[in-house]
Amino acid sequence: MTVSDDDTDHDLLDFMRKAMGLTANPTTSKPEPDTGVLKSAEYIYDNAIDVALDMRSCKEAAETIIKCMEAENFGTQTWDSHILHPHTKDEEQVDFIFVMDLLNFSFWADDPKKPFVVEYNGRNEDGYWSLVASLRRALDEGIPITSPYFWVDRTVCTDALLERLFRPSTGTQIPMLAERIECLREAGEILCEQFNGSFVNCIKEADGSAAALVNLVVDEFPCFRDETTFQGRQVNFYKRAQILVADIWASFNGTSHGTFHDINKITMFADYRIPQILHTLGCLMYSPPLEHTIKDRKPIASGSRYETEIRGCTIHCVELIRREIVKKHPEAKVNAILIDFFLYDTAKEWEVQGKEMIPTHRTRSIWY
Ligand SMILES: Nc1nc2c(c(CN[C@H]3C=C[C@H](O)[C@@H]3O)cn2[C@@H]2O[C@H](COP(=O)(O)O)[C@@H](O)[C@H]2O)c(=O)[nH]1
């Protein structure tokens with residue numbers, strides 16, 4: 001086949017566009033939005049020194065995960081099965097999820113024997129569930145904690161009221177209370193001034209793209225801008241921005257406010273639970289110095305190389321597990337979000353069962 005000059009130019013342009021990771025949208029020829037998280041994770045994995053992945057364990061984990069997910073019929077509907085999650089399927093649900101993921105970070109206690117615990121509906125909730133229980137308790141007490149107009153009105157929404165809102169039933173105070181209050185004030189100003197007081201308007205602006213919504217959240221809300229530098233290059237994690245979009249998607253079963261044509265661009269959420277279970281499964285491996293640091297419950301600084309390698313390799317690990325599942329089970333309806341949700345819920349079950357696991361790494365930050 002003779003290739004004319006303009007064909008060559010077109011092919012070259014197409015090749016260069018693909019090489020730059022810009023897949024042109026055929027209709028609008030605008031590059032599809034991308035968060036850069038997956039590329040960041042691969043770069044960290046390729047250059048990591050103290051964290052590595054074991055491919056055989058990843059393949060085994062992929063098989064175990066898909067078999068358990070299928071046995072449990074694990075899917076977006078599982079999100080709803082958590083009784084403390086909101087189920088109204090309306091704008092109030094979006095507002096609840098926004099404040100939940102605005103504050104969804106750093107629940108681990110300095111003293112593991114004294115966690116922050118909230119008793120709600122006769123159950124003692126800790127970790128992430130202590131946050132959700134605190135929000136539910138506040139609403140039961142008539143505090144409009146899902147309203148940004150409330151967060152910015154310091155005459156009624158005082159620091160003292162918020163401290164009481166997050167009061168523990170037993171154990172110690174919620175970690176990083178001051179930072180949580182700062183997140184509410186900052187995000188409240190932005191939502192009220194730019195988005196008419198509801199995250200629903202952010203979803204509308206993203207026009208059905210999950211990646212565009214993540215990018216909008218990290219561009220407009222500094223307290224979601226979870227990025228750092230690694231070996232001189234910016235790397236993106238965007239954990240709370242991604243889990244915010246994922247929670248909206250799952251809680252509406254991919255319909256209504258949760259309709260996104262590119263939801264599979266969302267990666268797993270680089271927190272402190274998933275590395276723990278991936279290490280227990282043998283997928284994530286730490287160098288002896290890093291393993292001792294974690295086992296001795298020593299602090300790991302936010303933005304440090306140790307922390308960045310744990311987070312980046314965790315994202316890449318779940319991506320490899322996802323690819324393995326898709327390769328062996330092309331009919332399976334799984335993405336990184338559902339694999340992540342499954343791993344998080346399993347890690348929590350194993351913790352309750354007292355299963356032997358490496359401790360979670362101890363980085364104090366608002367990012368996760
Ligand atoms: N990667 C990932 N991280 C998650 C979650 C969740 C809860 N998601 C719910 C929604 C659907 C799922 O089925 C879950 O039921 C919380 N976290 C993070 O973990 C840490 C809290 O840990 P602990 O203190 O032990 O509760 C903290 O950084 C928190 O931000 C998740 O799903 N994935």
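The model shown is predicted, which means the values in this text are computed figures rather than measured ones.

Asker: Can you walk me through the overall build of the protein in this structure?
Answerer: The helix and strand inventory of the protein stands at 16 helices and 6 strands. By the compact-globule yardstick of 21 Å for 368 residues, the protein fits well, its C-alpha radius of gyration being 21 Å. Along the longest, intermediate and shortest principal axes, the C-alpha atoms of the protein span 75 × 50 × 45 Å. Within the protein, the proportion of its 368 residues that are buried is 41%. In the protein, the proportion of contacts linking residues at least 24 apart, taken out of those at least 6 apart, comes to 74%.

Asker: In this structure, what is going on with the nonpolar core? I would like to understand it.
Answerer: One recurring pattern in soluble globular proteins is that nonpolar side chains are buried together. Ranked by internal contacts, the top residues of the largest apolar core, which has 101 residues, are Val-217, Val-245 and Ile-339. The contacts of Val-217, once residues within four sequence positions are left out, are Cys-202, Phe-224, Ala-241 and Leu-244.

Asker: I'm lost on the environment of Leu-216 in this one. Help?
Answerer: With respect to the element layout, Leu-216 can be found in helix α11 (residues 210–220). The spatial distance from the C-alpha of Leu-216 to the C-alpha of Met-100 is 18 Å, given a sequence separation of 116 residues.

Asker: Would you explain the pairing of strand β5 (residues 233–236) in this entry?
Answerer: Successive side chains on a regular strand alternate, one facing one side of the sheet and the next facing the other. Here strand β4 (residues 227–230) runs beside β5; their pairing, made up of 4 bridges, is antiparallel. Paired with Thr-229 across the bridge in β5 is Gln-234. The antiparallel hairpin formed by β4 and β5 contains 2 residues in its connecting segment, where Gln-231 sits at a positive phi of about 50°.

Asker: Just to check I follow, could you spell out the site of the ligand for this structure?
Answerer: The local shell around the ligand holds 20 residues, among which Gly-127, Tyr-128, Phe-269, Asp-271 and Tyr-344 are the closest. Looking at the shell around the ligand, the elements with two or more residues in it are α6 (127–140) and α16 (336–353). Among the elements that make up the shell around the ligand, the one with the highest residue count is α16 (5 residues). Of the residues contributing to the shell around the ligand, the split by class is 12 nonpolar, 3 polar and 5 charged.

Asker: Just to check I follow, could you spell out the packing of helix α2 (residues 37–47) against helix α15 (residues 305–328) for this structure?
Answerer: A packed helix pair is summarised by two numbers, namely the angle formed by the two axes and the spacing between the axes. One can describe the packing of α2 onto α15 by two numbers: an axis separation of 8 Å at closest approach and a directional angle of 115°. Judged by the angle between their axes, α2 and α15 are roughly perpendicular. In this structure, α2 crosses over α15, and the sense of that crossing is left-handed. Packed against α2, whose contacting residues are Val-37, Leu-38, Ser-40, Ala-41, Glu-42, Ile-44 and Tyr-45, the element α15 presents Thr-308, Glu-309, Gly-312, Cys-313, Ile-315, His-316 and Glu-319 at the interface. Class assignment for the residues of the contact of α2 with α15 results in 7 nonpolar, 4 polar and 3 charged.

Asker: Explain the confidence of the model for the protein to me, please; I cannot follow it from the model alone.
Answerer: As a general rule, the predicted coordinates of low-pLDDT regions are not to be interpreted in detail. Here the protein averages 94 in pLDDT, and 92% of its residues register 70 or above. Across residues 1–7, confidence stays below pLDDT 50; counting only partners more than four residues off in sequence or on other chains, it has 1 contact. Here the predicted complex carries an ipTM of 0.99, next to a pTM of 0.93.

Asker: Mind showing me how you'd approach the packing of helix α5 (residues 91–102) against helix α12 (residues 239–251) here?
Answerer: One can describe the packing of α5 onto α12 by two numbers: an axis separation of 10 Å at closest approach and a directional angle of 150°. Considering their axes alone, α5 and α12 lie roughly antiparallel with respect to each other. Between α5 and α12 lies a crossing whose hand is right-handed. Facing α5, whose interface residues are Gln-93, Val-94, Ile-97, Phe-98 and Asp-101, α12 presents Arg-240, Ile-243, Leu-244, Asp-247, Ile-248 and Ser-251.

Asker: Teacher, can you tell me more about α15 here?
Answerer: An α-helical turn contains 3.6 residues, so a residue and the one three or four places further along point in the same direction. A rise of 1.5 Å per residue sets the reference length of α15, with its 24 residues, at 34 Å; its end C-alpha atoms lie 34 Å apart and thus fit the reference within 8%. Burial of α15 is extensive: 17 of the 24 residues sit out of reach of the surface.

Asker: Which parts of the structure should I look at to understand the environment of His-361?
Answerer: Looking at where His-361 falls in the secondary structure, it is placed in the segment after α16. Along the backbone, His-361 and Lys-328 are 33 residues apart, and their C-alpha atoms lie at a distance of 32 Å. For His-361, the contacting residues outside a window of four places in its chain are Tyr-272, Pro-275, Ile-294, Ile-300 and Ile-310.

Asker: Looking at this structure, how should I read unusual backbone geometry?
Answerer: Only a minority of non-glycine residues have a phi that is not negative, and only a minority of peptide bonds are not trans. Look at Asn-253: it is not a glycine, yet its phi comes out positive at around 50°. By the secondary structure assignment, Asn-253 is in the loop between α12 and α13 (274–280). For Asn-253, a count of 15 C-beta atoms within 10 Å gives the class partly exposed. Although it is not a glycine, Arg-297 sits at a positive phi angle of roughly 55°.

Asker: Looking at this structure, I do not really get the environment of Asn-121. What am I missing?
Answerer: By the secondary structure assignment, Asn-121 is in the loop between β2 (117–120) and β3 (123–126). Residue Asn-121 is classed as exposed on the basis of its 11 C-beta neighbours within 10 Å. Considered as a pair, Asn-121 and Arg-137 are 16 residues apart in the sequence and their alpha carbons are 9.3 Å apart.

Asker: What should I look at first to understand the pairing of β3 in this one?
Answerer: Across 4 bridges, the pairing between β2 and β3 is antiparallel. Looking at the pairing, Val-118 lines up with Glu-125 of β3. Remark: 2 residues form the turn of the hairpin made by β2 and β3, two consecutive strands paired antiparallel; Asn-121 in that turn has positive phi of roughly 50°.

Calculation notes
Residues numbered from 1 in each chain as written. Predicted model: local features only at pLDDT ≥ 70, side-chain atom pairs only at ≥ 80, totals over all residues. Helix = DSSP H or I, 4+ residues; strand = E, 2+ residues; numbered from the N terminus. Rg over C-alpha atoms; globule rule 2.2 N^0.38 Å. Buried ≥ 20, exposed ≤ 12 C-beta atoms within 10 Å, placed from the backbone. Contact = placed C-beta atoms within 7 Å. Core = buried A, V, L, I, M, F, W, Y, C linked by C-beta atoms within 7 Å. Pairing = 2+ DSSP bridges. Near = placed C-beta within 6 Å. Nonpolar A, V, L, I, M, F, W, Y, C, P; charged D, E, K, R; others polar. Axes fitted to C-alpha atoms, helices over the stretch in contact; angles between N-to-C directions. Parallel < 35°, antiparallel > 145°, perpendicular 65-115°, else oblique. Left-handed = near helix turned anticlockwise from the far one by under 90°. pLDDT = per-residue confidence, 0-100. Expected span 1.5 Å × (residues − 1).

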